[in-house]
Amino acid sequence: MAIHPVPQARQADPPHAAVDGPWRDPSLGPEARVADLAARMTLEEKAAQLYGIWVGADAEGDGVAPHQNDMVDPVDFEDITTRGLGQLTRPFGTAPVDPGVGAVALARAQARIVEAGRFGIPAVAHEECLAGFTAWGATAYPVPLAWGAAWDPELVAEMAHRIGGDMRSVGVHQGLAPVLDVVRDLRWGRVEETIGEDPYLVATVATAYVKGLESAGIVATLKHFAGYSASAGARNLAPVRAGNREMADVILPPFEMAVREGGARSVMHSYAEIDGVPVAADPSLLTGLLRETWDFGGTVVADYFGIGFLETLHKVAAGRADAARLALTAGVDVELPTVRSYGDELVAAVRDGLVAEELVDRALHRVLLQKCELGLLDPDRQELPSALDGVDPARARGTVDLDPPRNRALARLIAERSCVLLANPEGALPLSGTGRIAVVGPRADDPLAMLGCYSFPSHVGVQHPDAPMGIAIPTVLEALREEFPGAGIDYAQGCDVDGTDAEGIEGAAALAAGADVCVAVLGDRAGLFGRGTSGEGCDVADLSLPGRQGELLDALLATGTPVVLVLLTGRTYALGGRADRLAGCVQAFFPGEEGGPALAGVLSGRVNPSGRLPVSVPRGTGGQPWTYLQPPLGLANGVTNLDPTPLYPFGHGLSYTSFAWDAGAEAPAELPTDGEADLAVTVRNTGDRDGAEVVQLYVHDPVAQTTRPEARLIGYARVPLAAGESRRVSFRFHPDLVSFTGAGGRRIVEPGDLELRFATSSDVADTKQTVRLRLTGPERTVDHRRRMVCHTSLDAPLART
């Protein structure tokens, strides 16, 4: 993009001429340092710390943020940085750049910022890291929906630590992840970015990601706070009409846990308007709840152009300065991705008395505290990132590897654990690996079939078709040929992902008819704003397989050849009417760069699948909006002809081995509303393969003062077992885990009867053990300090005797 100047307000004389002072002394406390520094700043310099700039963002072509083409204003980097600068937006995630070259360029940009401003303070560099560091050549991990399918927070924490380490090594400070939105409607395009439809699963997995990222020195940014996924009709940015209880009991708990237990240092406001109030202008959420109730002490950053949208989309601000007033009042500290409202317009509004300078000072205080934490105020801060240690900047190209073998091995493990075996009715899986295998479908031989919309090749790389992909991504077809060297494997695409051309279907069916087994690889193409079938701004009207893929599958099934369906998607699709004709079905949610070999391993049996559904699989294409968190009248009943019961429920997943469950220690019949008890089951691997079971603990509340879901997840444990082994799994149950928003609007623990169900899914038919107990004593009011996590422990495995 050409960089042009914009008019700048005249900088006033500084209140203190000296820029050196106690603020530079690392031995002093952060509060004292920040207070001293802020007192030395002009109004223009204060405002400059409250926005980022996006060098290289193009106002032409396909954008990577909503309304990017309308909202990007040109800036003069050399001029604007004379005041200082709060943030640098996506120095690696805007265009393909060699990581070594990018690290040098970022370091040089920071040096120019330091030299240009009076105080010599670097900017915070932020990047997306939803499914790995969104940079050219960086490891593309599975998407968050796959993290949910793995049911393995510790593994997610390790992944996040690796991602954070890679980002920090090249000079990045802040990561815009994880997404804590709870799925409310599968038609929403951003389902792939979420962890699932249950708040407890989302909360525990996302909190693990936060801890991992923060442990690497990266500021984790929770998004999108809050309500974004509950949009009307599953349309991106559509109004949210969720009630107070849905917000309190479903939408907010993941954020609450990530703040209270995870230690997240930043929160990104959502684009949502809830009951007519845009979140970016809502002090009750961004200040009252987040800061005053939850004691959050970090920064609140704008989702890209979200402050400007108060003026242009929500129509609650009369202009840029008015948008700045609303956002600052609500508690938005930093304008991203680039300056629009928090620059000259804000300065002029303060001078005209339209915006209180105290609001600027409040945001500045938070921003400078975070910069102090990051070491950016220290006089001896490291000027070059660690990846450039010993590297000649002129020869940096090719010196930084963001996709080393250990990253790829971790990406493979997560992909393997996230694959869900939905069905295997006749034992067709694992495949024998002999004879003729027809591999059919538009997702079988495309590397991008593995990636979500925030992986660099899908997010940015598609706009640079002449640039190499930067990482190796084996396709399913390539991986199957390597997995089964003795089989004859033929391939036909059959149809496009979402096109209307059906000419290839007949030939694909003929190929399948002549094979011993057909592997149909169908699914989504991730994209942005309608350029894909899944991803941001790629919402759908119903849950039919995209394009002509349903017709292709029908044609394959009609051949009589056993068909194993492999789904590579960002959401689940309706399979009713076809599922009972499949020989097998495997679901993968954009499993990342190692997804092809992971799926081949599942199909061959080298990998015993242990993934469980983080979202249900619908039976019919119009059975939504629906999640399993339904009170009685949200389930199938006699007062409506529509049955929303899913084909495969939340938590479902099969294995190539078998498990038996035995009751553990006897649970108490009664427990005080502030008591605690250990509940346990013993799980045995009764098959001849090593595997892993996922023990899920649900609560069923028979009678309550407000309607309650039939079942709600309150704990889980992934239990690896060798063939013949058994392990005792203990759950530390506290009544806080079954708290809910009562009739009076307060979160309560209500005395009365409960059923605690140990199960393999949310379906009551999958309950293996039931613990019935009665909570006794007074009704308790609880708050954000309640027990939020059901801690689990695994005894040492015992071999079969």
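See the structure shown above.
If you're wondering where the values come from, they're calculated on a predicted model, not measured in any experiment.

**Student:** Can you walk me through the side chain of Q696 in this structure?
**Tutor:** Residue placement: Q696 occurs in strand β19 (residues 691-700). Taking relative accessible area as the criterion, Q696 reaches 0% and is therefore assigned buried. Within polar-contact distance, the side chain of Q696 engages the backbone oxygen of T760 at 3.1 Å.

**Student:** Hey, could you run me through the packing of helix α19 (residues 505-513) against helix α20 (residues 549-557) in this one?
**Tutor:** Closest axis-to-axis distance for the α19/α20 pair is 9 Å, and the angle between their directions is 30°. In this structure, the crossing between α19 and α20 has a hand that is right-handed. From α19, I505, A508, A509 and A512 reach across to α20, where they touch E551, L552, A555 and L556.

**Student:** Would you explain the nonpolar core in this entry?
**Tutor:** Among soluble globular proteins, nonpolar side chains are generally buried collectively. Among the nonpolar cores identified, the biggest contains 226 residues, and F133, Y209, F225, Y342 and F733 are the most heavily contacted of them. Considering each element in turn, this core owes the most residues, nine residues, to helix α8 (residues 199-215). In contact with F133, not counting residues within four places along its chain, are F92, E127, E128, A138, T139, I163, D166, M167, V170, V172 and L402. Among the nonpolar cores identified, the runner-up in size contains 35 residues, and L477, A479, I489 and V607 belong to it.

**Student:** I would appreciate a short explanation of the packing of aromatic side chains in the present structure.
**Tutor:** Note on aromatic pairs: each is described by the distance of the centres and the angle between the planes. Tallying each qualifying case throughout the model produces 15 aromatic pairs. For the ring pair Y200 and Y716, a centre distance of 6.0 Å and an interplane angle of 85° mean the geometry is edge-to-face. Of the two residues, Y200 is situated in helix α8 and Y716 in strand β20 (residues 712-721); the sequence distance between them amounts to 516 residues. Between the aromatic rings of F225 and F255, the centroid separation amounts to 5.2 Å while the plane-to-plane angle is 70°, which identifies the pairing as edge-to-face. Here the residue F225 occupies a position in strand β5 (residues 219-225), and F255 occupies one in helix α10 (residues 253-260), the gap between them amounting to 30 residues. A relative accessible area of 0% places F225 in the buried class. Taking NZ or CZ as reference, K223 lies 5.4 Å from the ring centre of Y454, over its face.

Calculation notes
- Residues numbered from 1 in each chain as written.
- Predicted model: local features only at pLDDT ≥ 70, side-chain atom pairs only at ≥ 80, totals over all residues.
- Heavy atoms only, no water.
- Helix = DSSP H or I, 4+ residues; strand = E, 2+ residues; numbered from the N terminus.
- Buried < 20%, exposed > 50% of the residue type's maximum accessible area, 1.4 Å probe, protein only.
- Polar contact = N/O pair within 3.5 Å; in protein donor to acceptor, adjacent residues only side chain to side chain.
- Axes fitted to C-alpha atoms, helices over the stretch in contact; angles between N-to-C directions.
- Left-handed = near helix turned anticlockwise from the far one by under 90°.
- Contact = heavy atoms within 4.5 Å.
- Core = buried A, V, L, I, M, F, W, Y, C linked by side-chain atoms within 4.5 Å.
- Phe/Tyr/Trp six-rings, centres within 6.5 Å; stacked < 30°, edge-to-face > 60°.
- Lys NZ or Arg CZ within 6 Å of the ring centre and 35° of its normal.

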